[in-house]
Amino acid sequence: MIGVRKFFVRRCLLIASSLFSLPAAAEMKLNLPTPAATITQEIFDLHMLTAYVATIIMVIVTAIILYALIKFRKSAGFEADLEFNHSWFGRWSWVLVPIIVLGIDFSIAGSATKTLQSVETYDDSDVTVKVIGSQWKWTYEYMDDGIKIVSNLNKNIPEDNDLYLRDVDNPLVLPVNRRIRFLHTATDVLHAWWVPEIAYKKDSIPGYINETWTVVEKEGTYRGQCAENCGTGHAFMPIVVEVVSEDKYDEWVNGQKVAMAAADAEARADKTWTLAELMDRGEKVYATNCTACHQANGEGIPNVFPGLKGSKIVMADMAAHLDMVIHGSKANPVMAAWGKQLNDLELAAVITYERNAWGNDTGETVQPSDIKSAR
Ligand code: HEC
Ligand SMILES: [Cu+2]
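Conventions and cut-offs
- Residues numbered from 1 in each chain as written.
- Chains lettered and ligands numbered in written order.
- Predicted model: local features only at pLDDT ≥ 70, side-chain atom pairs only at ≥ 80, totals over all residues.
- Heavy atoms only, no water.
- Pairing = 2+ DSSP bridges.
- Helix = DSSP H or I, 4+ residues; strand = E, 2+ residues; numbered from the N terminus.
- Axes fitted to C-alpha atoms, helices over the stretch in contact; angles between N-to-C directions.
- Donors = N, O, S within 2.8 Å, 3.2 Å for Na, K, Ca; no water.
- Tetrahedral: all angles 85-135°; square planar, octahedral: opposite > 155°, others 65-115°.
- Buried < 20%, exposed > 50% of the residue type's maximum accessible area, 1.4 Å probe, protein only.
- Near = heavy atom within 4 Å.
- Polar contact = N/O pair within 3.5 Å; in protein donor to acceptor, adjacent residues only side chain to side chain.
- Nonpolar A, V, L, I, M, F, W, Y, C, P; charged D, E, K, R; others polar.

Caption draft 1: Structural detail: the sheet that holds strand E6 (residues 191-194). Spatially, the 5 strands line up as an open sheet ordered E4-E10-E9-E6-E7, and their pairing is mixed. Bordering the open sheet on either side are strand E4 (172-175) and strand E7 (202-204), each of which pairs with just one other strand. Averaged over all neighbouring strand pairs, the angle between strand axes comes to 30°, with direction disregarded. Bridge count between strand E9 (residues 220-226) and strand E10 (residues 239-244): 5 bridges; the pairing is antiparallel. Looking across to E10, one finds that Thr221 is bridged to Glu242.

In structure tokens, the structure reads:
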């Protein structure tokens, strides 16, 4: 056995060498990320001002303490001045010190108040996005254009990749140099939409709307995380924002509108869909909206989310199945009313998929017209 002392020396060397090894040092970010928006720049500047003031105070106080320790040490024969508090300086220092401290406080409070005022300035915006947190995904609704984006974790990124748990299938797309208003809310529990480079943090609260704003000054991809512990999938709802030029943004908006109109027309079309067509679409709807809880293999999570594979409702009771998916569960609000979020074709497809995937093999199809009458 190696001695305790040797053990600690080795441990310290190991930690030191890993701290100073090149990749680790390159990864080590000591400060907040570089802001890319006016409001986050203001917050960053306030943070730096506070950090500088605190550092200067720390240096001065440490210097005074060290000076006093050395200069007035007993071994050098120093004797304490028991009458210090009766001297001029001894008396006035009790007044001066609080005045200095208050002065420092006010100098920071001035900037802090200004920043807080900017944070709470709700001017007209060019783009308004409703940001909806759900267990465990983000939905973005562009209020002016009627576009809706569902943003899910990209599960295809391997663990050793930098973007593991930090990438999504559909990012939020925003124009550069335009004022964006975010309206934050949630469908189930508290979440918080946080992208430190471009937007500050505010809670997403069910049944309540919080507002934040930003003007992003640099095009690019910005990443963030849900910043409110919202359940077992909290780590699996990352945020990705693509900030693009205005032209690109307009192009993207038009593309989305065309795609939405096409999907809408398709859902309304008076057509009987085949099992294969419905399964194909249903698999996608299921992957986007249902896997977070019921899992890709349809087995759910025991005692938390029921399995759909072999489920009685899914296999036999069609009316109960339609009711559960369209209107949600009355017993457990975690199972949402998908009738509000998906159109008739999407609902018909996902229900058909549940009834035929994972060996459920009922061979039954559900048509959009069935959904229409069950709504
Ligand atoms: C946030 C988690 C969550 C998501 C997402 C979710 N469900 Fe559910 N689901 C539940 C819970 C919890 C229940 C149990 C409800 C109850 O006990 O009343 C449930 C129950 C069900 C049932 C009844 C199963 C049974 O045997 O009782 C069906 C069918 C179902 N969900 C379908 C879906 C479909 C389709 C989707 C996607 C469009 C979906 N769910 C998305 C949580 C979820
Ligand atoms: Cu969350």
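Caption draft 2: Highlighting the coordination of the copper ion (ligand 2). At the metal site, the copper ion (ligand 2) is ligated by His191 (ND1), Cys226 (SG), Cys230 (SG) and Met237 (SD), and these contacts range over 2.0 to 2.7 Å. Taken together, the 4 donor atoms surrounding the copper ion (ligand 2) define angles of 94 to 126° at the centre, an arrangement classified as tetrahedral. Positions of the donor residues of the copper ion (ligand 2) along the chain correspond to the pattern H-x34-C-x3-C-x6-M. In this pair, His191 sits in strand E6 while Cys226 sits in strand E9, placing the two residues 35 residues apart along the sequence. Cys226 matches His191 in its accessibility class, with the two residues each being buried.

Caption draft 3: Representation of the coordination of the iron atom of ligand 1 in the model. Donor atoms from the polypeptide that bind the iron atom of ligand 1 are His294 (NE2) and Met335 (SD), placed at 2.0 to 2.2 Å. Classification of the site at the iron atom of ligand 1 rests on its 6 donor atoms, whose angles at the metal span 86 to 178°, yielding the label octahedral. Of this pair, His294 sits in helix H7 (residues 291-294) while Met335 sits in the loop between helix H9 (318-327) and helix H10 (344-356); the two residues are 41 residues apart in sequence, bridging distant segments of the chain. A relative accessible area of 11% means that His294 is categorised as buried. On the accessibility criterion, Met335 (22% relative accessible area) is partly exposed.

Caption draft 4: Here's a closer look at the site of ligand 1. Near ligand 1, the surroundings consist of 22 residues, among which Cys290, Cys293, His294, Ser329 and Met335 are the closest. Contacts to ligand 1 include His294, whose side-chain N or O atom sits 2.7 Å from a nitrogen atom. Separating an oxygen atom of ligand 1 from a side-chain N or O atom of Ser329 is a distance of 2.5 Å. Sorting the residues of the shell around ligand 1 by element identifies H7, helix H8 (312-315) and H9 as the ones contributing at least two each. No other element matches H9, which puts 3 residues into the shell around ligand 1. Taken together, the residues that form the shell around ligand 1 break down as 14 nonpolar, 7 polar and 1 charged.

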